[in-house]
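These are the residues of each chain, in order.
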Amino acid sequence: MNTPVLEAKHLGITFGGLKAVDDFNITINEGELVGLIGPNGAGKTTVFNLLTGVYQPTEGAFFLNGNKMNGKKMHEVVRAGIARTFQNIRLFKTMTVLENVKIAFEMDFKYKLAHAFFRLPKYWKDEKEIEEKAMDLLKIFNLESKADYIANNLPYGQQRKLEIARALATGMKLLLLDEPAAGMNPTETAELLSCINVIRERFGIAILLIEHDMSLVMKICERIVVIDYGVTIAKGLPKEIAENPKVIAAYLGADDDLEDEEDTKEGA
Amino acid sequence: MKKSSIKSSLINLVVLIIVFGILIVLCEFDILSNYIRGILMVCCISIIMACSQNITVGYLGQIALGGAGFMGIGAYTAAIITKAMASANILVGEGVPDTLRFLIAILAGGILAAIFGVLVGIPALRLRGDYLAIITLGFGEIIRVVIQNLKFLGGKGFSEGSAGQALVGINRISNLYVVFWVMVICVALMYTFIRSKYGRAIIAIRNDDIAASASGLNITFYKVLAFTVSSFFAGVAGGIFAHYIGSLSAGSFGWLKSTEYVIMVVFGGMGSLTGSVIAAIVLTALPEALREFSDYRMLAYSVALIIVMIYRPTGLLGTYEVSVTRLINKILGKKEPSLHAIKAEVEASGTKEEEVVK
């Protein structure tokens, strides 16, 4: 059997006396799209923060292609192959769209300080190569005509896409998407959906997705994990999840409407 | 990309040679007094300092107030080296130009300042914002006090507790023509640094450090690198200063001096090297030009600063760079290739309006 792209075993973190995530287990295989859902404050983003090295797990471990990732810093995790987007878009706002993507090609730049200071041939070669790569990536997202725009001037939907493009530029094997459809209108959501499908076909990467838009989750996720109060309450195919009484009680319960309106930034 | 870049560098070089030619003519025909030449020299030093501080304060966005401390390290190192060379008869004599010693000394000053930049940067850059400002201020003062007390730098030793004498007898071998080109090279190197992956990473960290590390950037590395490069050029500026002024006292590298350069950065625009160049010239020349109104000159200086900050809070140029190539294109009426950014703004506001209409 192939080694799974991501394997988390008994992952957990405690803040003071609070168990934010407890005994979280997940296995994601190559090319798979797994959904992570749960009510607000359930610990979804905390799971993301654990998997990307923002927080260090106090219990358990997680593995990327069989390599243990505990104790790695954020940029080391990214270099190993886990990239993410953020719930509230984090772009390099004053920089151009192209520069935003070029930065994430960090690992592909081979030139050193002296090459940069004196503009030696290697500088020009690397810069040109990566500019081409970045443009190719922007083409997938239909952003190539906006390459010279300042990122902050893009409409919201395109900013989301750019953030995904930037994550792809890191050359990752696993992409973590934190509520990519939040704040999007139905057209933009549909566009995002086709985008996700395109990148799955093109790059064959695995995706872990946090999303509140249930119709989106049910449509694209192959498997779903549901957590509440940091504890995994259900796992399975979308159909099973939709019928699971525990999930309905926790997530699709009566106060669901209220929760959707206000989303906490870090605690979710 | 490469072609247009070479073309614009050539244009810049031509402009610089013209400026240099004017400078030579003015100096050789004694049109400029020694006093004015001195101010020009200080302008060159200020330009290097302001640009170097712009790397940390402007591009990296971290308020570091220790610039003068590193300038001091560079100044004392360079001074000691030329003094030692003079006493040991190395590179001294008829056939050897003083400039060679001068260049070796300022390079050494820069390198030592850069080494201290790494040492100070690693602990200091764990902090940010006002904490970083305070800690760099503290490090700058430590450097000053240590220099003040070191015996071989004119101090009385640490046990004495009182300030020592100035370090005197430094060969005044800085030549305005040489310093001009040293300044040009320094600014050019800082420019190429900022326009490389390193500069991009530094600007990205200022924009959003979490997103930067989520893009695979080693934030600590880039922060320390920016601080080190900045310290290096501060050290070079210090070396020039030492050989211009002829005697050094540690008191002239206090925190007030650091703030002076940070003011230049803010005045010219945080994130614009050409802005720093202009601000350095203006803010060095202004107090001198106002010397006639002796009592009121600092007042006028402050008022000028306040006016700029009120009407242009991002500094004179913001993050805009003055480009001779662009200017020439404009004069010739050529269309500019990269105005997309502005177009984007127009279009973005256009889409907003459309949404409202819908």
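Residues numbered from 1 in each chain as written. Chains lettered and ligands numbered in written order. Predicted model: local features only at pLDDT ≥ 70, side-chain atom pairs only at ≥ 80, totals over all residues. Heavy atoms only, no water.

**Considerations on the overall build of chain B**
Logical step 1: Check the secondary structure of chain B and you find 14 helices and zero strands.
Logical step 2: Computed over the C-alpha atoms, the radius of gyration of chain B is 22 Å, within 12% of the 21 Å expected from 2.2 N^0.38 for a compact globule of 358 residues.
Logical step 3: Projected onto its principal axes, the C-alpha coordinates of chain B cover approximately 80 × 50 × 45 Å.
Logical step 4: Split into buried and exposed, the 358 residues of chain B put 47% on the buried side.
Logical step 5: Sequence-distant contacts in chain B: of pairs separated by 6 or more residues, those separated by 24 or more amount to 77%.
Logical step 6: Total accessible area on chain B stands at roughly 17300 Å², and carbon and sulfur atoms take up 68% of it.
Logical step 7: Side chains of chain B carry 28 positive and 20 negative charges; the gap between the two charge centres is 6 Å. (Helix = DSSP H or I, 4+ residues; strand = E, 2+ residues; numbered from the N terminus. Rg over C-alpha atoms; globule rule 2.2 N^0.38 Å. Buried < 20%, exposed > 50% of the residue type's maximum accessible area, 1.4 Å probe, protein only. Contact = heavy atoms within 4.5 Å. Areas by Shrake-Rupley, 256 points an atom, 1.4 Å probe, with all protein chains shown as cover. Lys, Arg positive; Asp, Glu negative; His and termini not counted. Charge placed at Lys NZ, Arg CZ, Asp CG, Glu CD.)

**Structural notes on the pairing of strand β2 (residues 18-28) of chain A**
All names here are of chain A.
Logical step 1: Pairing analysis gives seven bridges linking strand β1 (residues 6-15) to β2, with the strands arranged antiparallel. Bridge pairing in β2 places T14 opposite K19.
Logical step 2: Between β1 and β2, which pair antiparallel in sequence order, lie two residues; one of them, G16, sits at a positive phi of approximately 60°. (Pairing = 2+ DSSP bridges.)

**What about the interface of chain A and chain B?**
Logical step 1: Listed as interface residues are 36 residues of chain A and, on the opposing side, 35 residues of chain B.
Logical step 2: For the pairing of chain A and chain B, the buried interface totals around 3400 Å² over both sides, and the portion due to carbon and sulfur atoms is 63%.
Logical step 3: Contact with chain B buries surface across chain A, with A:F117, A:W124 and A:Y149 losing the most and accounting together for 19% of the total.
Logical step 4: At the boundary of chain A and chain B, one finds two salt bridges.
Logical step 5: The salt bridge involving A:R90 is made with B:D208; its shortest N-O contact spans 3.0 Å.
Logical step 6: Inspection of the region where chain A meets chain B yields 13 residue pairs in polar contact (both at pLDDT 80 or more).
Logical step 7: Sorting the residues of the side of chain A that touches chain B by element identifies α2 (74-80), α3 (97-104), α4 (113-118) and α5 (121-140) of chain A as the ones contributing at least two each.
Logical step 8: Broken down by element, the side of chain A that touches chain B gets its largest block of residues, five residues, from α5(A).
Logical step 9: Across the side of chain A that touches chain B, the residue classes tally to 18 nonpolar, four polar and 14 charged. (Buried area = accessible area lost by both parts, 1.4 Å probe. Salt bridge = Lys/Arg side-chain N within 4 Å of Asp/Glu carboxyl O. Polar contact = N/O pair within 3.5 Å; in protein donor to acceptor, adjacent residues only side chain to side chain. Nonpolar A, V, L, I, M, F, W, Y, C, P; charged D, E, K, R; others polar.)

**Some details on helix α4 (residues 98-124) of chain B**
For an α-helix, the turn length of 3.6 residues means that residues three or four places apart are oriented alike.
Residues and elements named next belong to chain B.
Logical step 1: Taking 1.5 Å as the rise per residue, α4 with 27 residues should run 39 Å; its terminal C-alpha atoms sit 38 Å apart, in good agreement.
Logical step 2: The complete set of buried residues in α4 reads R101, F102, A105, I106, G109, G110, A113, A114, G117, V120, G121 and A124.
Logical step 3: Contacts made by the buried residues of α4 are with α3 (67-88), α5 (129-149), α6 (176-194) and α9 (219-245). (Expected span 1.5 Å × (residues − 1).)

**Structural notes on the packing of aromatic side chains**
Logical step 1: All chains considered together, the criterion is met by 18 aromatic pairs over all chains.
Logical step 2: Arranged with centres 5.1 Å apart and planes meeting at 75°, the rings of A:F15 and A:Y55 form a pair that is edge-to-face. Within this pair, whereas A:F15 is found in strand β1, its partner A:Y55 is found in the loop between α1 (44-51) and β4 (59-64), the two being separated by 40 residues in sequence.
Logical step 3: Plain terms: the ring middles of B:Y198 and B:Y222 are 6.1 Å apart, the flat faces sit at 55° to each other, and that makes the pair tilted. (Phe/Tyr/Trp six-rings, centres within 6.5 Å; stacked < 30°, edge-to-face > 60°.)

**Quick word on the side chain of A:D126**
Residue and element names in this part refer to chain A.
Logical step 1: Checked against the element boundaries, D126 lands in helix α5.
Logical step 2: Buried and unpaired, D126 has no salt bridge, with K125 as the nearest side chain of opposite charge at 4.5 Å.
Logical step 3: Discounting residues that sit within four places of it in the chain, D126 has contacts with D108, F109, K110 and Y111.

**Notes on the pattern of salt bridges**
All names here are of chain A.
Logical step 1: Per the counting criterion, the structure on display carries 17 salt bridges over all chains.
Logical step 2: With a shortest N-O distance of 3.7 Å, D178 and R84 are connected by a salt bridge. Of the two residues, D178 is situated in strand β7 (residues 174-178) and R84 in strand β6 (residues 82-84); the sequence distance between them amounts to 94 residues. There is no split in this pair, since D178 and R84 are both buried.
Logical step 3: Put simply, E127 and K102 hold a salt bridge, and the shortest N to O gap is 3.0 Å. Taken as a pair, E127 in helix α5 and K102 in helix α3 lie far apart in primary sequence, 25 residues in all.
Logical step 4: Exposure remark for E127: the relative accessible area of 2% places this residue in the buried category.

**Observations concerning the nonpolar core**
Logical step 1: Counting residues in each nonpolar core, the largest one holds 146 residues, and the members touching the most others are A:L175 and B:L248.
Logical step 2: Examining the composition of this core, we find that 15 residues originate from one element, α9(B), more than from any other.
Logical step 3: Discounting chain neighbours no more than four positions away, the residues touching A:L175 are A:A83, A:I164, A:A167, A:L168, A:I199, A:I205, A:A206, A:I207 and A:L208.
Logical step 4: Within the second largest apolar cluster, 30 residues are counted, among which are A:F24, A:V77, A:I210 and A:I227. (Core = buried A, V, L, I, M, F, W, Y, C linked by side-chain atoms within 4.5 Å.)

**Looking at the side chain of A:D228**
Residue and element names in this part refer to chain A.
Logical step 1: Residue placement: D228 occurs in strand β9 (residues 223-228).
Logical step 2: Buried within the structure, D228 lacks any salt-bridge partner; K44 is the closest side chain of opposite charge, at an N-O distance of 8.3 Å.
Logical step 3: Not counting residues up to four positions away in its chain, the partners in contact with D228 are P39, A42, I233 and A250.

**Re helix α7 (residues 186-203) of chain A**
Residues and elements named next belong to chain A.
Logical step 1: A rise of 1.5 Å per residue sets the reference length of α7, with its 18 residues, at 26 Å; its end C-alpha atoms lie 26 Å apart and thus fit the reference within 8%.
Logical step 2: Those residues of α7 not exposed but buried are T189, L192, L193, C195, I196, I199 and R200. Taken down its axis, α7 places every buried residue within 165° of arc, on the same side. Turned more than 90 degrees away from the buried face of α7 sit T187, E201 and R202, all of them exposed.
Logical step 3: Buried residues along α7 sit in contact with β3 (33-37), α5, α6 (156-169), β7, β8 (206-210) and α8 (214-220). (Arc of directions from axis to C-beta.)

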